[in-house]
Amino acid sequence: MSRRSVSGRVIFVTGASGFIGRHVVERLRRRRVPIRCLLLPGEAADGLAGGGVEVLRGDVTERESLRGACAPADTVIHLAALMLPNPPEQIRRVNVEGTRTIVQCARACGARRLIYFSAVSATYRTRNVYGDSKLEAEALIAAGRVAVNGKVLASPAFNVTAGDRITVDGEP
């Protein structure tokens, strides 16, 4: 079976080494979709490389490090983010300015879809710096400042993957 997607283009994933990213990459790998992952320089690529996955090094906040990284991506899945206890200025830089950079990258490579993974904390009436940064990044995308055909915003309340157990009132 061919590793090419229907369109013949790859899926570009930021945040591939994170909790959600690893599961997304594994799911795409099982579908034999060609994947290009962005990892920070020096970040461990444990279990990501090979099997149709290409690992690239760069930083979502540094546009020059992304030059050509997502070309010829059909879809960009933007999962990279910083949370507390990181310093507030770094959280905003990665979550807002990094999103802006990825949007520009998606536009430049002609991506048809941009999938942005936000957080439920962006919907809270009282937010911390993380929730504020996610809300600002959502607004950047939703306001139409993204010239990508398909936009998807996902705001999960919590994340559950295969093998996780959920307990409600002490009962599994």
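Residues numbered from 1 in each chain as written. Predicted model: local features only at pLDDT ≥ 70, side-chain atom pairs only at ≥ 80, totals over all residues. Heavy atoms only, no water.

(A) Here's a closer look at the overall build of the protein chain. Regarding its fold elements, the protein chain presents three helices and six strands. Its helices and strands in sequence order give the protein chain the pattern β-α-β-β-β-α-β-α-β, from N to C terminus. Burial status across the protein chain gives 40% buried among its 172 residues. A separation threshold of at least 6 residues defines the contact pool for the protein chain, and within that pool the share at least 24 residues apart is 61%. (Helix = DSSP H or I, 4+ residues; strand = E, 2+ residues; numbered from the N terminus. Buried < 20%, exposed > 50% of the residue type's maximum accessible area, 1.4 Å probe, protein only. Contact = heavy atoms within 4.5 Å.)

(B) Quick look at unusual backbone geometry. With an omega dihedral of 15°, the bond running from leucine 84 to proline 85 counts as a cis peptide bond. Structurally, proline 85 can be placed in the loop between β4 (75-78) and α2 (88-109). The phi dihedral of arginine 32 falls on the positive side, at around 60°, and the residue is not glycine. Within the secondary structure, arginine 32 is located in the loop between α1 (19-30) and β2 (35-39). The class for arginine 32 is partly exposed, based on a relative accessible area of 28%.

(C) Highlighting α1. The terminal C-alpha atoms of α1 lie 17 Å apart, and with 12 residues this matches the ideal 16 Å at 1.5 Å per residue to within 8%. Turning to α1, its buried residues number three or more, namely Ile20, Gly21, Val25, Leu28 and Arg29. Down the axis of α1, the buried set is contained in an arc of 165°. They therefore lie on one face. Here the buried face of α1 lies against β1 (11-14), β2, β3 (53-57), β4 and β5 (113-117). Where α1 ends, the next residue or the one after it, arginine 32, has phi of about 60°, a positive value. (Expected span 1.5 Å × (residues − 1). Arc of directions from axis to C-beta.)

(D) Local environment of the pairing of β5. Where burial is concerned, the two faces of β5 differ: the one with Leu114 and Tyr116 is buried and the one with Arg113, Ile115 and Phe117 is not. Two elements, β4 and β5, share four bridges in a ladder whose sense is parallel. Residue pairing across strands places histidine 78 opposite tyrosine 116, the latter belonging to β5. Crossover β4 to β5 through α2 is right-handed. (Pairing = 2+ DSSP bridges. Right-handed = clockwise from strand over helix to strand, strands pointing away.)

(E) Up close: the nonpolar core. In terms of nonpolar packing, the biggest core is built from 22 residues, with Phe12, Cys70, Ala73, Val76 and Ile102 touching the most fellow members. Put simply, the parts of the chain that give this core at least two residues each are α2, β5 and α3 (129-145). With six residues, the single largest contributor to this core is α2. Filtering out sequence-adjacent residues up to four positions away, valine 76 remains in contact with Phe12, Cys70, Ile102, Ala106, Ala111, Arg113, Leu114 and Ile115. By size, the runner-up hydrophobic cluster in this structure holds 14 residues, among which are Ile11, Val25, Val33 and Leu39. (Core = buried A, V, L, I, M, F, W, Y, C linked by side-chain atoms within 4.5 Å.)

(F) A look at the side chain of histidine 78. Tracing the sequence through the fold places histidine 78 in strand β4. Within polar-contact distance, the side chain of histidine 78 engages the side chain of threonine 99 at 3.1 Å. Those residues in contact with histidine 78 that sit more than four places away from it in its chain are Thr14, Val60, Gly98, Thr99, Ile102, Leu114, Ile115, Tyr116 and Phe117. (Polar contact = N/O pair within 3.5 Å; in protein donor to acceptor, adjacent residues only side chain to side chain.)

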